[in-house]
Each structure stands twice: as structure tokens, then as C-alpha cells.
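Each chain, written out:
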Amino acid sequence: DVDMSDKFRMFDILDVDMGGELSADELVTGLMQLRGDVSKGDIVAIMLKVRHLTYAIDEIQQTLKDFCPSVLQEFRSWKPTL
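All of these numbers come straight from a predicted model, not from anything done at the bench.

The rules behind the values
- Residues numbered from 1 in each chain as written.
- Predicted model: local features only at pLDDT ≥ 70, side-chain atom pairs only at ≥ 80, totals over all residues.
- Heavy atoms only, no water.
- Helix = DSSP H or I, 4+ residues; strand = E, 2+ residues; numbered from the N terminus.
- Rg over C-alpha atoms; globule rule 2.2 N^0.38 Å.
- Buried < 20%, exposed > 50% of the residue type's maximum accessible area, 1.4 Å probe, protein only.
- Lys, Arg positive; Asp, Glu negative; His and termini not counted.
- Charge placed at Lys NZ, Arg CZ, Asp CG, Glu CD.
- pLDDT = per-residue confidence, 0-100.
- Salt bridge = Lys/Arg side-chain N within 4 Å of Asp/Glu carboxyl O.
- Contact = heavy atoms within 4.5 Å.

J.: Help me understand the overall build of the protein chain, please; the structure alone is not making it clear to me.
T.: Helices and strands together make up the secondary structure of the protein chain, namely four helices and zero strands. Counting helices and strands in the order they occur from the N terminus, the protein chain gives α-α-α-α. Its C-alpha radius of gyration of 16 Å places the protein chain more than 25% over the 12 Å reference for a compact globule of 82 residues. For the protein chain, the C-alpha atoms occupy an extent of roughly 45 × 25 × 20 Å along the three principal directions. For the protein chain, with 82 residues in total, the buried portion stands at 9%. In the protein chain, 9 positive and 15 negative side-chain charges are present, and the distance between their average locations comes to 8 Å.

J.: Honestly, the environment of isoleucine 13 in this entry has me stumped. Any pointers?
T.: Take isoleucine 13: it is sitting in helix α1 (residues 7–14). Taking the C-alpha atoms as reference points, isoleucine 13 and glutamate 26, separated by 13 residues in sequence, lie 9.8 Å from one another.

J.: Please explain the confidence of the model for the protein chain as it appears in this structure.
T.: Any segment with low pLDDT has predicted coordinates that should not be analysed in fine detail. Chain-level pLDDT for the protein chain is 79 on average; 90% of the residues reach the 70-or-more range. Of all helices and strands in the protein chain, the one with the weakest mean pLDDT is helix α4 (residues 69–77) (74), whereas helix α3 (residues 40–67) scores best (85).

J.: Sorry, what's going on with the side chain of aspartate 15 here?
T.: With respect to the helices and strands, the residue aspartate 15 is situated in the loop between α1 and α2 (24–33). Within the buried set, aspartate 15 has no salt-bridge partner at all; the shortest N-O distance to an opposite charge, 13 Å, is to lysine 49. The residues touching aspartate 15, leaving out its near neighbours within four places in the chain, are Gly20, Glu21, Leu22 and Glu26.

This is the structure:
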């Protein structure tokens, strides 16, 4: 079961593209995926997404290192809130 009491966290989970808005597709797809148990496929999909994001962040860091060292320093000190 999903705890729906934290509406802001649920919004962030469903807002896949992090655009600050929920499209009808994001809403329907997200809610459909919240049903049932977590499958091995779900875990693999998440691991692949994390790997892709890690690669993308590494590429951004390299670009910043090459072109904007001061921005890279700020980027490294940034702590995301979950």
C-alpha cells in the first residue's frame, strides 16, 4: 500500500520529468505502477535509470570541470533534498 498522506512526496514521485506539473500520462502511468508488489523488473528498471543518471551527471561534471571550474565547485557542494 502507498501512504497518500504526504501529497507533496506523491507528486514528486509521479512527476517523472520533474517539470513541476503532472501530465495526464504521468498521472495515469504513475498510479498504475503503484499497484501491486515490486517486481524484479521494477528493481532492474530503477537500477538502469540510476546508472543512466550517474553517467549523465559524470558527463556534466566533466564539462563543468573543463569549462567552468567555479560552477563545478558549487555543484559538488550541492546536497539534494529527498
